[in-house]
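Chain and residue survey
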Amino acid sequence: MQTKDYKDGLKLSRLGMGNMRLPVQGDAPNSPIDYERAKAIIAEAVRSGVNYFDTAYVYHSGESESFVGKALAEYPRESYHVATKFNLRANPDYKAQFAQQLERLNMDYVDFYLLHGIGDDSFEGYTTNGCIEYFDGMKKEGKIRYLGFSFHGSPDTLRKLLPLYPWDFVQIQLNYYDWVYGTAKEQYEILTEAGIPVVVMEPVHGGMLARLNEKIGAKLKAADPDRSLASWAMRWVMGLDNVQVVLSGMSDMEQIKDNVATFAEAKPLTGEERKFVEQIAVDYHTDVSVPCTACRYCTDDCPMSLEIPKLLASYNEYKIGGPWRLMPLNELPEDKRPAACVACGSCTGHCPQNLDVPSYMKEMAEAMSK
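My aim in this report is to walk through the structure given alongside it, one point at a time. (Residues numbered from 1 in each chain as written. Predicted model: local features only at pLDDT ≥ 70, side-chain atom pairs only at ≥ 80, totals over all residues. Heavy atoms only, no water.)

Things to note about the overall build of the protein
Helix and strand content of the protein: 15 helices and 10 strands. A compact globule built from 370 residues would reach a C-alpha radius of gyration of about 21 Å, and the protein, at 22 Å, matches this within 12%. When its C-alpha atoms are laid out on the principal axes, the protein stretches across 65 × 50 × 45 Å. Scored against the burial criterion, the 370 residues of the protein give a buried share of 52%. In the protein, once contacts between residues fewer than 6 apart in sequence are set aside, the share between residues at least 24 apart is 74%. (Helix = DSSP H or I, 4+ residues; strand = E, 2+ residues; numbered from the N terminus. Rg over C-alpha atoms; globule rule 2.2 N^0.38 Å. Buried < 20%, exposed > 50% of the residue type's maximum accessible area, 1.4 Å probe, protein only. Contact = heavy atoms within 4.5 Å.)

So, in structure tokens, the structure goes:
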């Protein structure tokens, strides 16, 4: 397992174990963690040299922290490093939440502590409620070793956050798809210029880059039949100098063994390979996205007055990022959601691209109903 020097003589494994997608008992929402299977994954991670374990107050409905504490209790405390997070929305009482987290983990201190998922809408809440000052106090008392935050906002908000505290690290979503189509490149450059180490979440974009469709995945397989699709994404991230740890939410033995094999050697992508996978991102985006130009020819005669271009933009986010990307549509009035489409076909008749809009609306409605 590759390691990388951090601070104070710490050597952190380049691969970190995320504990948000642990195996569970059954398929029902919020099913309890399958402790035996999950514990075997942790044991394999430790055996393979992984020493960074990431969890959060809300993962697995609060069960993840307790599981991580129990699973790691078998090993010397100084042999691993735990990261967990304060979630403002779950419980704004940061003192109570932190105390509960130490109890769940059954630990006297947390190695890496984060403000969880700061975005443009939560920036003010996290920065004005006193939690930063409190956690800085916990750091001075030795109950937190390093303080940072995970981020899901705009580059402008990231710039506003950095001067507020001498952050030890920042966790961002970083992968070759978001480098091309999101703001990952700009966020990475902001943090690198500020001298703040980066912890990477979603290196395979929530699994998307590990399960590309057959047409696009075949291009990677043709380039190197012996490597998994996920390994291309991991090696792409590995090549960024300011990346400290790459997190992977591994939920089975196959995933952890594949990732461990990738991080067993310092073999980031070459310059040509980086260009190749960034073109893969372009090809995939083109292949799965609806080419709506937002001309709005479709909207005037829609009997339900649906905002079709905006709904199709959500469809593209759903196809790339998964069904959870449709959650914001639940905030719309019911008669403005995809399920309100009556499939009259007027939109397709007016569309210069001849897009089958009703089929996309039906697909979204079905995904949202699940």
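Topic: the state of the cysteines
Applying the stated rule across the entire model yields zero disulfides. Between C344, a cysteine without a disulfide, and C347, which holds the nearest cysteine sulfur, the sulfur-to-sulfur distance is 5.8 Å. Since its relative accessible area comes to 48%, C344 is described here as partly exposed. (Disulfide = S-S within 2.5 Å.)

Topic: the environment of G69
One can find G69 in helix α2 (residues 63–72). Exposure remark for G69: the relative accessible area of 7% places this residue in the buried category. In this structure the C-alpha to C-alpha distance between G69 and F123, which are 54 residues apart in sequence, comes to 30 Å. Excluding its chain neighbours within four sequence positions, the residues that come into contact with G69 are L105 and M107.

Thoughts on the sheet that holds strand β5 (residues 81–86)
Strand order in the closed barrel formed by eight strands is β3-β4-β5-β6-β7-β8-β9-β10, and the pairing between neighbours is parallel. In this sheet, neighbouring strand axes are inclined to one another by 30° on average, regardless of whether the strands run parallel or antiparallel. By the bridge criterion, four bridges tie strand β7 (residues 144–151) to strand β8 (residues 169–173) in an arrangement that is parallel. Along β8, the bridge assignment pairs G148 with F169. Against the sheet, helix α3 (residues 94–105) engages β5, β6 (110–118) and β7, with an angle of about 150° to β5. (Pairing = 2+ DSSP bridges. Axes fitted to C-alpha atoms, helices over the stretch in contact; angles between N-to-C directions.)

Digging into empty space enclosed by the protein
All told, the structure shown has two cavities of 30 Å³ or more when counted by the stated rule. Lining the largest cavity we find 16 residues, and of these C292, C295, C298, C351 and L355 sit closest to its centre. Broken down by element, the lining of the largest cavity gets its largest block of residues, three residues, from helix α13 (residues 308–321). Residue composition of the lining of the largest cavity, grouped by class: 13 nonpolar, two polar and one charged. Taken as a whole, the second largest cavity encloses approximately 90 Å³ of empty space. Surrounding the second largest cavity, 14 residues form its lining, C302, I308, C341, C344 and C347 being those nearest its centre. (1 Å grid on protein atoms, 1.4 Å probe; cavity = no way out; pocket = protein on both sides within 12 Å on 5 of 7 lines; lining within 4 Å. Points joined across faces, edges and corners; volume = space filled by probe spheres on them. Nonpolar A, V, L, I, M, F, W, Y, C, P; charged D, E, K, R; others polar.)

With respect to the nonpolar core
Counting residues in each nonpolar core, the largest one holds 83 residues, and the members touching the most others are L115, F135, F149, L174 and Y176. Top element by residues in this core is helix α10 (residues 229–238). It accounts for eight residues. With residues up to four places along the chain from it excluded, the contact list for F149 reads L114, L115, I118, L158, L161, L162, W167, F169, V170 and Q171. Core analysis: the second largest hydrophobic core is formed by 20 residues, C298, L311, Y315 and Y360 among them. (Core = buried A, V, L, I, M, F, W, Y, C linked by side-chain atoms within 4.5 Å.)

As for the environment of C131
Looking at where C131 falls in the secondary structure, it is placed in helix α5 (residues 131–140). Sequence spacing of C131 and L115 is 16 residues, and the spatial spacing of their C-alpha atoms is 8.8 Å. When sequence neighbours within four positions are dropped, the list of residues in contact with C131 reads F86, Y94, L115 and Y126.

Concerning the packing of α10 against helix α11 (residues 253–263)
The N-to-C vectors of α10 and α11 enclose an angle of 40°; their axes lie 10 Å apart at closest approach. By the angle class used here, α10 and α11 are oblique. Once α10 is placed against α11, the crossing between them reads as right-handed. Contact residues: α10 offers A230, S231, M234, R235 and M238, while α11 offers D258, N259, T262 and F263. Here the contact of α10 with α11 is built from residues that sort into four nonpolar, three polar and two charged. (Parallel < 35°, antiparallel > 145°, perpendicular 65-115°, else oblique. Left-handed = near helix turned anticlockwise from the far one by under 90°.)

Side note on unusual backbone geometry
Non-glycine residue E202 carries a positive phi angle of around 55°. Its place among the elements puts E202 in the loop between β9 (198–201) and α9 (214–223). Residues other than glycine seldom take positive phi values, yet R296 does so here, at roughly 70°. Tracing the backbone through its elements, the reader meets R296 in the loop between α12 (271–288) and α13. On the basis of relative accessibility, which here comes to 36%, the residue R296 falls in the partly exposed class.

A few points about the packing of aromatic side chains
Counted under the stated rule, the structure contains 24 aromatic pairs. Judged by centre distance (5.9 Å) and plane angle (65°), the ring pair of F98 and F135 falls under edge-to-face. Linking F98 in helix α3 with F135 in helix α5, this pair joins segments that are 37 residues apart in sequence. On the basis of relative accessibility, which here comes to 1%, the residue F98 falls in the buried class. Consider the rings of F149 and F151, whose centres lie 6.2 Å apart with planes at 70°: the pair is edge-to-face. (Phe/Tyr/Trp six-rings, centres within 6.5 Å; stacked < 30°, edge-to-face > 60°.)

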